[in-house]
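Each chain, written out:
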Amino acid sequence: MAAVLGPFQPIVDMLTSPLFVEIVLFPGLLSIAIIGALLGWLERKVTARVQLRIGPLYASPAGGILQMFADLIKLSFKELFVPENSDAFFFIMAPTTGLVLGAALVGLIPFAPGLQIANIEVGLPAFLAIITLSPTLILLAGWSANSKFPFIGGLRALFQQTAYEIPLWLSALGVIMMAGTMNLAQIVNAQTSGWFILPQALGAFIFLVTSVAEMERLPFDLPEAESEIMMGWQAEYPGVLFLAAQGPGFVKLYAFSALFSVMFLGGFLGPSFLPPLFWMLLKTLIVIVLIMLLRSTFPRVRLDQLLRAGWTTLLSLAILNIGITYLLVVGFPTL
Amino acid sequence: MVAQGILEIGSYVAFLFVSTVALVIILRLFVSPRDPRPTPEKKKPFESGQIAAGPGRTRFIIQYYPYLLMFVVYDVIAMFLFAWGLNLRALGASGSIPVLVFLVVLLIPLGYALHLANHRENW
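I will try to describe carefully the structure that is included in this document. Keep in mind that this is a model prediction, so the values were computed, not measured. (Residues numbered from 1 in each chain as written. Chains lettered and ligands numbered in written order. Predicted model: local features only at pLDDT ≥ 70, side-chain atom pairs only at ≥ 80, totals over all residues. Heavy atoms only, no water.)

1. Thoughts on the overall build of chain B
Helix and strand counts for chain B come out as four helices and zero strands. The linear arrangement of helices and strands in chain B, starting from the amino end, is α-α-α-α. Every one of the 123 residues in chain B was classed for burial, and the buried ones make up 29%. Once local pairs closer than 6 in sequence are excluded, the contacts in chain B between residues at least 24 apart make up 55%. Summed over its atoms, the accessible surface of chain B is roughly 8200 Å², and 71% of this surface lies on carbon and sulfur atoms. Charged side chains of chain B number 10 positive and 6 negative; the gap between the two group centres comes to 8 Å. (Helix = DSSP H or I, 4+ residues; strand = E, 2+ residues; numbered from the N terminus. Buried < 20%, exposed > 50% of the residue type's maximum accessible area, 1.4 Å probe, protein only. Contact = heavy atoms within 4.5 Å. Areas by Shrake-Rupley, 256 points an atom, 1.4 Å probe, with all protein chains shown as cover. Lys, Arg positive; Asp, Glu negative; His and termini not counted. Charge placed at Lys NZ, Arg CZ, Asp CG, Glu CD.)

This is the structure:
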């Protein structure tokens, strides 16, 4: 084989190396793009079912499953113009970088033993640190558009971050205290005797609420509240840039649901008659559908309500959770 | 050991960035159409169908200012707890006393700051 390929051998070696396959196929770029588009379809379908509608239907093989791909093709052939007096570089780069950051999160998730792009020692804080940048990008997008609705949306994203950020980090701290490591693969292995959802039930609840607020999904979608400020920071985006602005929401939904199942639901652990990847994806899908159901169940909160709830209720509960976890870890060291 | 995985995540993010930016540039240059006769209203900011009035980047009130100040302080403090939480099993109850004292000392001013911040006249 090597003799036949000759000078092309290094290229073939690179294309078939495990790292390249992980980066490009799964869990990397291509799978993220396909899963993100399918989640867009799933969300429209789930919301439609809750509201007794049918949802996407015609772009089928089955139930309009190709609807988002059809939307992608349609939006690609629309004109990409930037509004007058806007900062064109940041206007285009902010949603593009947001898409990259959302996809970078998936690289930290262990989908199966060894099936992980980057097995970092500080995987959990690295995940949360990357996600911290996204409200800044939203503010940048809103500022560069030189329009009032995007600017209000960007400011809302900034204020909203102060409400959920600290409870999010503190609820993740409970898991770190239980597992004694920040490495995501080792956190999964620490759950062989029991999933952390039981001792960390309060932490899981806070993490779910604050991660929904971080993803800016209903009931916390204040920066893009379409009935108040007309999609907020996305108002000025044309064509495929609108898709780039919407895309990080679905990619982050995928990444956060995967992180939730890694932290609290035992990740890839499960009965051995099916491969670990199946259990990981099944748990992720369950969390995704749960978060989608929140969207059609709860009304949108006001910004001052969110700030007050984040700083009083969620923060007190997160500190209470750390106290409970401290007593658990110190009181029952064998747990 | 600390640097483990940095190369992988770096190459992954670089690959993502290059491919996404390349896609946007290709779409902008080759795929998306150009309007031959744009009207002057087309590139005006969107204001619900009205003619846009005034600059888009207006002056704004920093509402909720006490929360922003508290965030600057307590977000950093939350990070200190990670070093403690990671080594909690090794430290045990006796090793945790300084951290618990630290927490109590910080939570009292947090309570007072929240008491002030939750009054709307202070926004």
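2. Thoughts on helix H6 (residues 88-106) of chain A
Residues and elements named next belong to chain A. Between the first and last C-alpha of H6 there are 29 Å, a value that for 19 residues agrees with the 27 Å anticipated at 1.5 Å per step. Its axis deflected by about 25° at Ala 94, H6 carries its strongest bend there, up to four residues before the proline Pro 95. Within H6, 15 of the 19 residues are buried, which leaves it mostly tucked inside the rest of the structure. (Expected span 1.5 Å × (residues − 1). Bend = angle between axes of the 7 residues up to and from the residue.)

3. Side note on the pattern of salt bridges
Residues and elements named next belong to chain A. Taken as a whole and assessed by the stated rule, the structure comprises 11 salt bridges over all chains. Ionic pairing is found between Asp 71 and Arg 44, a salt bridge with its closest N-O pair at 3.1 Å. Taken together, the residues span a long stretch of sequence, with Asp 71 in helix H5 (residues 67-76) and Arg 44 in helix H4 (residues 29-50) at a distance of 27 residues. For Asp 71, a relative accessible area of 17% corresponds to the buried category. Across the salt bridge formed by Glu 214 and Lys 252, the nearest N and O atoms sit 3.5 Å from each other. One end of the pair, Glu 214, is in helix H11 (residues 201-214); the other, Lys 252, is in helix H13 (residues 239-263), with 38 residues separating them in the sequence. For the residue pair Glu 214 and Lys 252, the accessibility class agrees, reading buried in each case. (Salt bridge = Lys/Arg side-chain N within 4 Å of Asp/Glu carboxyl O.)

4. Here we look at the packing of helix H8 (residues 134-144) of chain A against helix H9 (residues 148-179) of chain A
Residues and elements named next belong to chain A. Look at H8 against H9: their axes get within 7 Å of each other, and the N-to-C directions meet at 165°. Considering the angle they form, H8 stands roughly antiparallel to H9. As H8 runs across H9, the sense of the crossing is left-handed. Mapping the contact onto sequence places Pro 135, Ile 138, Leu 139, Gly 142 and Trp 143 in H8 and Pro 150, Phe 151, Gly 154, Leu 155, Ala 157, Leu 158, Gln 161 and Tyr 164 in H9. A per-class count over the contact of H8 with H9 returns 10 nonpolar, three polar and no charged. (Axes fitted to C-alpha atoms, helices over the stretch in contact; angles between N-to-C directions. Parallel < 35°, antiparallel > 145°, perpendicular 65-115°, else oblique. Left-handed = near helix turned anticlockwise from the far one by under 90°. Nonpolar A, V, L, I, M, F, W, Y, C, P; charged D, E, K, R; others polar.)

5. What about the environment of Tyr67(B)?
Residue and element names in this part refer to chain B. Within the element layout of this structure, Tyr 67 appears in helix H2 (residues 65-86). Under the relative-accessibility criterion, Tyr 67 is labelled buried at 0%. With 49 residues separating them in the primary sequence, Tyr 67 and Leu 116 have C-alpha atoms 9.8 Å apart.

6. A few points about unusual backbone geometry
All names here are of chain A. Residues Leu 218 and Pro 219 are joined by a peptide bond in cis, for which omega reads 5°. By the secondary structure assignment, Pro 219 is in the loop between H11 and helix H12 (226-229). One non-glycine residue, Asn 85, adopts positive backbone phi at about 60°. Even without glycine at this site, Asn 146 takes up a positive phi of about 55°. Following the sequence through the fold, Asn 146 ends up in the loop between H8 and H9.

7. Details of the interface of chain A and chain B
Taken together, the contact between chain A and chain B spans 76 residues of the former and 64 residues of the latter. Taken over both partners, the interface formed by chain A and chain B buries close to 6500 Å², and the fraction arising from carbon and sulfur atoms is 72%. Along the contact surface separating chain A from chain B lie two salt bridges. With a closest N to O distance of 3.2 Å, Lys44(B) and Glu84(A) form a salt bridge. Elements supplying a minimum of two residues to the side of chain A that touches chain B: helix H3 (18-24), H4, H6, H8, H9 and helix H15 (303-331) of chain A. Here the side of chain A that touches chain B takes 15 residues from H9(A), the largest share from any one element. (Buried area = accessible area lost by both parts, 1.4 Å probe.)

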